[in-house]
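# Architecture and fold: a report
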Amino acid sequence: MSEALSAIHTPIDAGLGGVLLANMVEAWLAGNQTVWKVWRQPMNPKITEQHLSRPAYIYVRQSTNAQVLHHQESTERQYALRAMALERGWSESSIRTLDRDLGMTGTEMTRREDFKTLVADVSMGQVGAVFALEVSRLARSNLDWHRLLELCAFTATLVIDEDGCYDPSDFNDGLLLGLKGAMAQAELHFLHARLQGGKLNKAKKGELRFPLPVGYCYDEQGRIVPDADEEVRGAVAMVFRLFRETGSAYAVVHRFTEQGLRFPKRAYGGAWDGKIIWGRLSHSRVLGVLKNPSYAGMYVFGRYQYRRENDINGEVHKRMQAVARPDWRVSLQQHHEGYITLEEFVKNRERLEKNRTNGEETMLSGPAREGLALLQGLLLCGNCGHALTVRYRGNGGICPTYQCNLLRREGLATKSCMVFRCDLLDGVVAEEMLKALRPAELELALAALHELESRDESILRQWQMRLDRAEYEVALAERRYQEVDPANRLVAGTLERRWNDALVHLCQRRSKIPQDGVFTSLR
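The structure reproduced in this document is the subject of the present report. Every chain begins its residue count from 1, and numbering advances along the sequence as written. Only residues with pLDDT of at least 70 are given local features in this predicted model, and only at 80 or more are side-chain atom pairs given and counted; all residues enter the totals for whole chains, interfaces and linings. Each side-chain value is worked out from all heavy atoms of the structure, with water and hydrogens disregarded.

### Section: the packing of aromatic side chains
Between the rings of Phe, Tyr and Trp (Trp by its six-membered ring), a pair exists once the centres lie within 6.5 Å; its type follows the angle of the planes, with under 30 degrees stacked, over 60 edge-to-face, and the other angles tilted. Scanning all chains against the criterion turns up 9 aromatic pairs. Ring geometry for Phe210 versus Tyr299: centroids 5.4 Å apart, planes at 45°, classification tilted. With Phe210 in the loop between α11 (171-204) and β6 (216-218) and Tyr299 in strand β10 (residues 299-301), this residue pair connects regions lying 89 residues apart in the sequence. With a 1.4 Å probe rolled over the protein chains alone, any residue whose accessible area is under 20% of its type maximum counts as buried; one over 50% counts as exposed, and the rest are partly exposed. A relative accessible area of 1% places Tyr299 in the buried class. Taken together, a centroid distance of 5.8 Å and an interplanar angle of 40° make the contact between Tyr216 and Tyr295 tilted. Within this pair, whereas Tyr216 is found in strand β6, its partner Tyr295 is found in the loop between α14 (283-290) and β10, the two being separated by 79 residues in sequence. Using a relative accessible area of 1% as the deciding quantity, one classes Tyr216 as buried. Judged by its relative accessible area of 1%, Tyr295 is buried. Grouped by ring-pair contacts, the aromatic residues Tyr216, Phe240, Tyr295 and Tyr339 constitute a single cluster. Only Lys NZ and Arg CZ are tested; either one counts as a charge over a ring when it is within 6 Å of the ring centre and within 35 degrees of the ring normal. Geometry around Phe115 places Arg112 over its ring, the cationic atom sitting 4.1 Å from the centre. Between Arg209 and the ring centre of Tyr218, over which it is positioned, the NZ or CZ distance is 4.0 Å. Strands are runs of DSSP state E lasting at least 2 residues, helices are runs of H or I lasting at least 4, and numbering of each runs from the N terminus.

Here is the structure:
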């Protein structure tokens, strides 16, 4: 008793107030918590019995999963709002904690299920008060914030944070809450502007680091250099070489498949972070390599940006879209060593655009197509100006014809503009073409032969490096098995099994080597 009274620095008045205070301290020391709770509870006139008769909702939110894992002080402070609700007079059973939105951004309402639950319950008048650490925890969008305030004012629901208790139906409280919401949204804008400004300033100097495409890596000084693995560099160079020969991304994929070649991919995150994974080359990977300016020695920032779109349900989503080359925010040429020149990069982009067959501007500039017609995709109708199509007739479709039936298909004409056999025109065009090329036939044949030899040598080199890698893995497994203590049978058995697997893998790679052409030297 004496120790507790000595802790009170303010002298107790001998009057009625002092007697009441002494009695309350004595009751608290005796174990009567009710009297002490009534004395220390802040008496806020805005909290009425009507509010206490309805549940109190505590909304807990963090913007990202990283904040939830590494910045737990804010989460603990938000969960501590339950004690504040108890002090304000709500019972333990009437307090509900909404914490399913941890790791969700407050800029939108789309994925925040608990915030939707809060808005729905407030609109039905089932909430007495909404507890939040600050306004920014509830919403970073003025639209969502003011919608919630209007519902709280309509249903007489209080909003309570660390600064005080607010009644949205009161003009002054509503004005103050509106200003807090505007400041929360402005704060997000300022933070974003500072972060983006710092990134842009560093990118203008070419020092902003980002995940590099396969074939590049950072050295000790943070500079972008080609990958030290020769097999990786050879695979990337093979893509540009084959596209230079074929002029088609699909043809590059088919060449890799026919020759049994693989293409590397660098993993990011998880147990394989930073490691190279070899697999099948896809059409999307070829397009990604050909359209990436990093392979031309350029440092680029701002190739993609997020755009907001509305779906059929009226929800706002962010989608990443490519930005045209003139609108790139940073573009530094000759920043690092490239696999191709800038001129070749520009030509590759133009060739890819011309390969598209679904645009009017590329009507006659597409690649050669399959079929028996020699001039497929190269002729225009003299009547309507549209491209002629090919239709196969006769016995089993062996007689191709050029025709233009666009107007008839659209209902603008009763018959096709023109229809004629392909061989009537293809023979004449082929004869004239051979006459023009005959003086240079020998030179073209020699150039084609040299090109084939060079291509075979590069493919042979890729297979040789693949076998060298497999042989290294076998030698490494054997060395580890030889160095283990024979008495340790558990470890020795595992290492022996890995050695056998490496040998099987090497035999499988050797069996997949093509059995003709220049590859016979590998056997």
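### Description of the sheet that holds strand β15 (residues 399-404)
Sheet architecture is open: 3 strands sit in the order β14-β15-β16, paired in antiparallel fashion. Only two strands of the sheet have a single neighbouring strand rather than two, namely β14 (389-393) and β16 (418-421). Strand-to-strand twist across the sheet, computed as the mean angle between neighbouring axes with direction ignored, equals 30°. Sheet topology places β14 next to β15; 5 bridges connect them, and they run antiparallel. Among the inter-strand pairings, Val390 is bridged to a residue of β15, identified as Tyr402. We call two strands paired when DSSP finds no fewer than two bridges between them. Between N-to-C directions, angles span 0 to 180 degrees; the directions come from axes that are lines fitted to C-alpha atoms, helices contributing only their stretch in contact.

### Examining the environment of Cys381
With respect to the helices and strands, Cys381 occurs in the loop between α15 (342-355) and β14. When the C-alpha atoms of Cys381 and Cys417 are compared, they prove to be 7.6 Å apart, with 36 residues separating the residues in sequence. Contacts were defined at the residue level, with two residues in contact if any of their heavy atoms lie within 4.5 Å. Apart from residues lying up to four places away in sequence, Cys381 is in contact with His386, Leu388, Cys404, Cys417 and Met418.

### Digging into the sheet that holds strand β3 (residues 129-131)
Pairing between sheet strands relies on hydrogen bonds along the backbone, with the strands arranged either parallel or antiparallel. Reading across the sheet, the 5 strands line up as β2-β1-β3-β4-β5 and stay open at both edges, with mixed pairing between neighbours. Pairing within the sheet leaves two strands with one partner each, and these edge strands are β2 (95-102) and β5 (165-166). The pairing of strand β1 (residues 56-62) with β2 spans 6 bridges and is classified as parallel. Residue pairing for β2: Tyr57 is matched across the bridge by Arg96.

### A short note on the pattern of salt bridges
Definition used for salt bridges: Asp or Glu carboxyl oxygen within 4 Å of a side-chain nitrogen of Lys or Arg. Scanning all chains against the criterion turns up 18 salt bridges. For Asp144, the salt bridge goes to Arg147, with nearest N and O atoms at 3.1 Å. Taken together, the residues span about one helical turn, with Asp144 and Arg147 both in helix α10 (residues 142-154) at a distance of 3 residues. In this structure, Glu245 and Arg255 form a salt bridge, with 3.4 Å as the shortest nitrogen-oxygen distance. One end of the pair, Glu245, is in helix α12 (residues 230-246); the other, Arg255, is in helix α13 (residues 249-259), and 10 residues separate them in sequence.

### Re helix α19 (residues 489-511)
Because each turn of an α-helix spans 3.6 residues, side chains separated by three or four positions end up pointing in the same direction. By definition here, a helix of n residues has an expected span of 1.5 Å times n minus one. With 23 residues, α19 ought to run about 33 Å at 1.5 Å a step, and its terminal C-alpha atoms sit 33 Å apart, in line with that. All of the buried residues along α19 are Ala492, Leu495, Trp499, Ala502, Leu506 and Arg509.

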